[in-house]
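Analysis of the macromolecular model
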Amino acid sequence: MAEFIEAKTKLTVGPIHRPGFISKKQKIIIIALGLILTPFLVKKIIAGNTLLHNKHIWMAGSVFVYFFSISGTMYNVINKIPIAMVDRDDPKKLVFFYDGNGMQLGAEGFTVGLLLAFITHVLVHVKNRNIQRLVMLLAIFVSFWAVKKVIYLYNWKTGSGLPAYTYHM
């Protein structure tokens with residue numbers, strides 16, 4: 001910016017003082033705290049009492065990775081794909097499975113991943129077997145419907161599900 005001002009106005013700006021992100025006093029305090037806390041940290045590491053040794057942290061992390069890999073959420077985040085969109089005919093409704101060409105919504109894979117995560121991590125803790133069976137049947141039905149819808153939309157969008165005589169070259 002200083003070069004731009006000097007070029008446009010032919011005035012000398014002079015030296016610009018740019019202080020660091022952390023001052024000298026803050027650096028000294030951080031180093032002193034680090035030296036004081038080092039023996040306590042070493043003691044916790046040797047005793048096996050850190051966050052990296054906690055099985056609940058590892059289990060939560062594995063469920064997080066499992067869910068992201070099953071549902072395709074990482075793909076949706078990277079490609080900025082919306083979960084749902086507003087229906088063009090009725091602005092009060094949301095569309096989760098888009099029938100149009102050239103676009104896919106995040107809910108198409110997210111539904112199946114969410115159901116799988118629910119069944120494998122929540123439903124197993126329900127004590128009543130009849131409720132478990134009912135929810136499992138419902139989840140299987142919804143999963144079947146969602147996968148069938150995703151495959152139908154994929155085939156429709158790519159043309160791979162059409163009979164051979166309908167291809168136009």
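Here is what the cut-offs are and how they apply
- Residues numbered from 1 in each chain as written.
- Predicted model: local features only at pLDDT ≥ 70, side-chain atom pairs only at ≥ 80, totals over all residues.
- Heavy atoms only, no water.
- pLDDT = per-residue confidence, 0-100.
- Helix = DSSP H or I, 4+ residues; strand = E, 2+ residues; numbered from the N terminus.
- Contact = heavy atoms within 4.5 Å.
- Expected span 1.5 Å × (residues − 1).
- Bend = angle between axes of the 7 residues up to and from the residue.
- Buried < 20%, exposed > 50% of the residue type's maximum accessible area, 1.4 Å probe, protein only.

Residues of the protein with pLDDT of at least 70 account for 86%, and the chain-wide mean is 79. The weakest mean pLDDT in the protein belongs to helix H5 (residues 107-121) at 72; the strongest belongs to helix H2 (residues 24-47) at 93. Counting interchain partners and residues more than four positions distant, the pLDDT-below-50 stretch residues 164-169 has three contacts.

Looking now at H2. Helix length check: H2, at 24 residues, gives a terminal C-alpha distance of 35 Å against a target of 34 Å (1.5 Å per residue), a fit within 8%. Maximum bend of H2: about 40°, positioned at Leu37, with proline Pro39 one to four residues after it. The buried fraction of H2 amounts to zero of the 24 residues, a small share that puts the element mostly on the outside. Residue Gly48 follows H2 closely and has a positive phi angle near 75°.

Unlike most non-glycine residues, Lys10 shows phi in positive territory, near 60°. Mapped onto the elements of the fold, Lys10 is located in the loop between helix H1 (2-9) and H2.

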